[in-house]
Amino acid sequence: MRFYFLIILFTFFASALSAQIPVGSEAEALEQLENRGISEEEFRARMLEKGYDLDNIKPEQIPQLQSVIEETLSELEEENKKSDSNAPSQTETANPAPKQESRVQDKNTDTPVGISDENVIEAVEDGATVEEAITEEISEQTNSDNPPAPVYGQNIFRNQTLEVYRSADNIKPPDTYVLGSGDDIIISIFGRSQAEFAFTINEEGFIKPTGISRIYLKGLTLETARRLLRQRFSQYYSFAPEQFSFTVNAARTITVNIFGEVENFGSFTISAINTAFNALVAAGGPTDIGTVRKIKLIRGTEVKILDVYDFLFNPNVQYDYFLQNNDIIQIPTSEKIVTIKGAVKRPFKYELIDEEDLVDLIRYAGGLNVNAYLKNVQVNRIIGGQRVIIDVDLEEIIAKDTGFALENGDEVQVRIIPERLENFAEVEGAVEFEGKYELTPGTKVTDLLARAELREDSRTDVAFLQRKNSDESVRLIKLNIDSLQNGTAEDYVLQRRDKIVIYSQKFYTDSYNVEIDGAVRQPKTYAYEQGLTVADLINLSGGLRPDATDFAYVTRTDFNNSDLLEYIRIDIKQAVAVPTSVANLMLQPRDRVLVMSSSSFSDEFQIRVAGAVRAPGSFQYAPTLDLNDVLTLAGGLQISAAANRIDIFRVILNENEPTQTVVATVQVDKNLNIVTGGEIELEPFDLVVVRNVPDFELQNTVTLNGEVRYPGVYALITENEKLTDVIKRAGGLTAEAFPEGAQLFRTESNIGFVILDLDKALNAPGSRFNYILKDGDNVTIPKSKDLVTILLRGTLAAELYPDKMLDGGKLSVAYVKGKNAEWYLNEYAAGINRKKRARRRLITVEHPNGQIENDVALFSSPSVSKGSIINVGLKPKKEPKEKEDSEPIDWNKVVTDTIAIASGVLTVLVLAARL
């Protein structure tokens, strides 16, 4: 109970040093003793002489010890001063011992990992006791560092499939829960008699209702206690059996000692609502070598064996393992670990016990897959220092129920039935229905062809039967289908995996193509035919396009060497006009005809128009195009255009000389005709730029929406007109306006919503919220709001309201002046859901003007105004860390010290806050 010793020190020194820096850790508390020249052992011993065992003092006794502590400290100081006169000088003494490090050492590294005071405080605020909060934090620290479980069953502790319940959690215990001293119970009677009682089972194990004799409940299950209480109360009250209710309102806390092959051994203070399985979660579960089948639950001389596999197959088993104060859970090492691979539903490592055999292993692995090969299951085993393979006929074992014993370290391989088919023959080629067919005894080639149906183009004089030999080589058997069908040749009986290949007439015929491309209407590839000419190919492709040149090229490929090409130039128009001319070349297979386009031999020149025109762009040059034309094609001048400042930039092109750029400036009238600057003829590559009138600007506007007297669009009449000036011009706010919810949306530079506090802007025109308005600003002032919205993710609202009230994942409630966000969450949403990793420090409030507040201090929460939205964030899951080799750590000492340190820190923080 070092915890109470530290509370005593912290309480005393916090009050004695209230004008100084408060004590903040165990090391600082002990330093206060050391500064007085007193050791912890001296102080403990002297207090024990006076009858006070500091390890067993209850918290409510601490204030009464103030005078005794001061008297004891003064006595020890006086005695030490007398002995100091004979002690050596400070320079002669050894270096003082370093302060105790108030952090936990990570078990994989030498890096100190501190338990988070913030998380512990938060857990206490959420209803946990100090001890429960520390247990939770240590459990989370341990489990976050654990690697994946190597043995089936360990995973439920490492991935926290189960959780550790708190005393304050609203968890309904099952009928097998065992009552004990400290349990808070509620008894309700709602028959003819109406009554409700709240009791706490005292240290002697009984309750004492008024007018009724003692009722002993300690050690009884919930079901037994309910029957007893119903019987006793029925002697004094009138009710039917179903009109009597007995529940546990708050379970007591107990201390459980967990040792052996566990990730984090030591003493854990948890709610009695937890079973032994939950307690193991707090300790991180068994280590890689710890058993999951023979975990011992020790209570005095009684020992129960806990089997995790029983729980995995029947979760109700956990209710047979409720805990009592000072119970011991001991995890021995595992004795028989076997591995199963292959065609089972859950290949993994499993722990077997006693007489469990291969059949049990398969059952734990989820059973066999449908493709499991049972005739030869192999067991890889170490015998005499060597690995050997044992072949097991699982089919026979199952049929005769003989079993097969396994040994520690065995690896079982359940093979998969091969995917390949055997009882088929195949038809490929010129048949209507290619593929595999079932092969029955006596099936012949003609039988299979009758099912596959020969195509009209199939060759029936030549076919092949491909037959695989035993060495997987292929033997070819030549077939004559005609002879087989008329009975003049032997009709082969097919064997498994035979393949019949039927060839098409096309397979033995050469085919060639010719191609035409370029300035024809339908460039395409055509099948070659003997006697095809260039004119024929032109006609097949739709004829020549109007832009076709007089000549074309025929590209011819050498038959003996495809890399050799010949280019033949022909008069294409003569070939078409006079088919008998030499130009109408006779084509050969693989010839390609390319008809050239006249556009391929001409340049396209552009004139560009830019600046203050409606449709700037590029236009193709033509000698007839003038300035009026290009300005008209560009949509004409914009209203902001300066008609007297149109620049024409021209590139001077001289053969074999560098280019030069010159500019001419002209003025045009409203009809876009040049009035000054002279006549100018446009040339290729000219750039026409129309300038804007200097300082030209149309009126800028803003929009006021909502609760102003005259909403709508307003022009800004001064250069730096402010928000309140425009609202004043709009007649001010209406009586129903809600200025706290006013919003400003700015389109300039895609800024979007701007945080606005209209109240401050109206009350103090010099406020930073009295913004200078910009063109396009949109100000919305809503009507008065009297609701607050709660986003339900991260809350327990689903347990409080019917589903129809939770549509959309939010809840709207009445605004209550002066209440903060946490009050609303507890009052209307049943509080924070820690199971979903929601945390109090992640509460945020979005105010009506868009401002977000998340100021969560130790005893405060964000403020809430009318129209606010309350949200509870979720704590992100920690990524698992890789396990590294390191020196073993005494976790018993680490856990003990950590509980003491964290408890002390929390107590000081609470005391400081109260002061």
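Residues numbered from 1 in each chain as written. Predicted model: local features only at pLDDT ≥ 70, side-chain atom pairs only at ≥ 80, totals over all residues. Heavy atoms only, no water.

S.K.: Help me understand the nonpolar core, please; the structure alone is not making it clear to me.
M.R.: Most often, soluble globular proteins keep nonpolar side chains buried together rather than apart. Grouped together as the largest cluster of nonpolar side chains are 77 residues, with contacts concentrated most on Phe233 and Ile329. Per element, the largest residue contribution to this core is 6 residues, and it comes from helix α9 (residues 276-282). Ignoring anything within four residues of it in the chain, the contact list for Ile329 reads Val256, Asn257, Ile258, Phe259, Ala276, Ala279, Leu280, Ile295, Lys296, Leu297 and Leu323. Listed in part, the 21 residues of the second largest apolar core include Val613, Leu637, Ile680 and Leu682. (Core = buried A, V, L, I, M, F, W, Y, C linked by side-chain atoms within 4.5 Å. Buried < 20%, exposed > 50% of the residue type's maximum accessible area, 1.4 Å probe, protein only. Helix = DSSP H or I, 4+ residues; strand = E, 2+ residues; numbered from the N terminus. Contact = heavy atoms within 4.5 Å.)

S.K.: Can you help me understand the sheet that holds strand β10 (residues 295-299) in this one?
M.R.: In a beta sheet, neighbouring strands are held together by backbone hydrogen bonds and run either parallel or antiparallel to one another. Pairing within the open sheet is mixed, and its 5 strands lie in the order β9-β8-β12-β10-β11. With one partner strand each, in any of the chains shown, β9 (266-271) and β11 (302-306) form the two edges of the open sheet. Along the sheet, successive strands turn relative to each other by an average axial angle of 25 degrees, direction set aside. Relative to β9, strand β8 (residues 253-260) is paired through 6 bridges, and the arrangement is antiparallel. By the bridge assignment for β9, Thr255 is matched with Thr269. (Pairing = 2+ DSSP bridges. Axes fitted to C-alpha atoms, helices over the stretch in contact; angles between N-to-C directions.)

S.K.: Explanation requested: the sheet that holds strand β29 (residues 617-620) in the structure shown.
M.R.: Pairing is mixed in the open sheet, where 6 strands are placed in the order β29-β28-β33-β30-β31-β32. In this open sheet, the two strands that pair with only one neighbour each are β29 and β32 (674-676). For this sheet, the mean inter-axis angle between neighbouring strands, taken without regard to orientation, is 35 degrees. Of the pairings in the sheet, the one linking strand β30 (residues 641-652) to strand β31 (residues 660-668) comprises 7 bridges and is antiparallel in character.

S.K.: Before we go on, may I ask you to explain the pattern of salt bridges in this structure?
M.R.: Should the charged atoms of two oppositely charged side chains come close, the side chains can pair. This structure, assessed with the given rule, holds 34 salt bridges. Note that Arg252 is salt-bridged to Asp183, the shortest N-O span being 2.6 Å. Taken together, the residues span a long stretch of sequence, with Arg252 in the loop between β7 (244-250) and β8 and Asp183 in the loop between α7 (155-158) and β3 (184-190) at a distance of 69 residues. Between Glu223 and Arg227 there is a salt bridge, and its shortest N-O distance comes to 3.8 Å. On the criterion of helical spacing, the pair formed by Glu223 and Arg227 is a turn pair, its members being 4 residues apart in helix α8 (residues 222-233). The class of Arg227 is partly exposed, set by a relative accessible area of 48%. In the salt-bridge network here, residues are joined through shared partners; they are Arg293, Asp307 and Glu356. (Salt bridge = Lys/Arg side-chain N within 4 Å of Asp/Glu carboxyl O.)

S.K.: It is not clear to me how a negative patch on the surface should be interpreted in this structure. Could you clarify?
M.R.: Taken together, the side chains of Asp695, Glu697, Glu719, Glu748 and Asp775 present a region of like negative charge at the surface. Relative to the helices and strands, Glu748 is located in the loop between β36 (743-746) and β37 (752-754). (Patch = residues over 30% accessible without salt bridge, like charges linked within 9 Å, V, L, I, M, F, W, Y side chains within 5 Å. Areas by Shrake-Rupley, 256 points an atom, 1.4 Å probe, with all protein chains shown as cover. Lys, Arg positive; Asp, Glu negative; His and termini not counted. Charge placed at Lys NZ, Arg CZ, Asp CG, Glu CD.)

S.K.: Teacher, can you tell me more about the environment of Ile201 here?
M.R.: Residue placement: Ile201 occurs in the loop between β4 (194-200) and β5 (206-207). As a C-alpha pair, Ile201 and Ile185 span 16 residues in sequence and 7.8 Å in three-dimensional space. If sequence neighbours within four positions are ignored, Ile201 has contacts with Leu179, Gly180, Ser181, Gly182, Asp183, Phe206, Ile207 and Leu217.

S.K.: Looking at this model, I keep getting lost on the side chain of Ser504. Mind explaining?
M.R.: By the element assignment, Ser504 lies in strand β22 (residues 499-504). Polar contacts involving the side chain of Ser504 include one to the side chain of Asp457, which spans 2.7 Å. Setting aside chain neighbours within four positions, we find Ser504 in contact with Ala430, Arg455, Asp457, Ser458 and Arg459. (Polar contact = N/O pair within 3.5 Å; in protein donor to acceptor, adjacent residues only side chain to side chain.)

S.K.: Which parts of the structure should I look at to understand unusual backbone geometry?
M.R.: Excluding glycine, residues mostly have negative phi values, and the peptide bonds linking residues are mostly trans. Unlike most non-glycine residues, Asp401 shows phi in positive territory, near 55 degrees. Residue placement: Asp401 occurs in the loop between α12 (394-400) and β17 (411-414). Relative accessible area serves as the criterion here: at 71%, Asp401 is assigned to the exposed category. In this structure, Glu453 is a non-glycine residue whose phi angle is positive, near 65 degrees. Tracing the sequence through the fold places Glu453 in the loop between α13 (445-452) and β20 (458-468).

S.K.: Before we go on, may I ask you to explain helix α20 (residues 821-828) in this structure?
M.R.: Given 3.6 residues to a turn, an α-helix orients residues that are three or four positions apart in the same direction. By the burial criterion, the buried members of α20 are Ala821, Glu822, Tyr824 and Leu825. Mapping the buried residues of α20 onto a view down its axis gives an arc of 160 degrees, with all of them on the same face. Those residues of α20 that are buried lie in contact with β39 (787-791), β40 (810-814), β41 (838-846) and β43 (869-874). Of the residues one or two after α20, Ala830 is the one with positive phi, at around 65 degrees. (Arc of directions from axis to C-beta.)

S.K.: Got a minute to help me understand the packing of aromatic side chains in this structure?
M.R.: Ring pairs (aromatic) are described by centroid distance and by the angle formed between their planes. For the structure on display, the rule yields 29 aromatic pairs. Ring centres of Phe551 and Tyr553 lie 6.2 Å apart, and the angle between their planes is 85 degrees; on these two criteria the pair is classed as edge-to-face. The class for Tyr553 is partly exposed, based on a relative accessible area of 27%. Chaining the aromatic ring pairs together yields one cluster made of Tyr152, Tyr309, Phe313, Phe348, Tyr350 and Tyr364. Seen from the ring of Tyr321, Lys304 lies directly overhead, with NZ or CZ sitting 4.8 Å from the centre. Lying across the ring of Phe551, Arg569 places its NZ or CZ 4.0 Å from the centre. (Phe/Tyr/Trp six-rings, centres within 6.5 Å; stacked < 30°, edge-to-face > 60°. Lys NZ or Arg CZ within 6 Å of the ring centre and 35° of its normal.)

S.K.: Honestly, the pairing of β29 in this entry has me stumped. Any pointers?
M.R.: Along any regular strand, the residues point their side chains to alternate faces of the sheet. Examined bridge by bridge, strand β28 (residues 606-611) and β29 share 4 bridges and lie antiparallel to one another. What sits directly across from Gln606, in β29, is Gln620. Once β28 ends, the chain turns through 5 residues before running back antiparallel as β29.

S.K.: Explain the side chain of Ser483 to me, please; I cannot follow it from the model alone.
M.R.: Tracing the backbone shows Ser483 in helix α14 (residues 481-486). When sequence neighbours within four positions are dropped, the list of residues in contact with Ser483 reads Thr488 and Ala489.

S.K.: What is the right way to look at a nonpolar patch on the surface in this model?
M.R.: Side chains of Ile639, Val693, Phe696 and Leu698 sit close together on the surface and give an oily, nonpolar patch of about 390 Å² of accessible area. Secondary-structure assignment places Val693 in the loop between β33 (687-692) and β34 (701-706). Accessibility expressed as a relative area gives 34% for Val693, which makes it partly exposed.

Shape is all these values report; function is a separate question.
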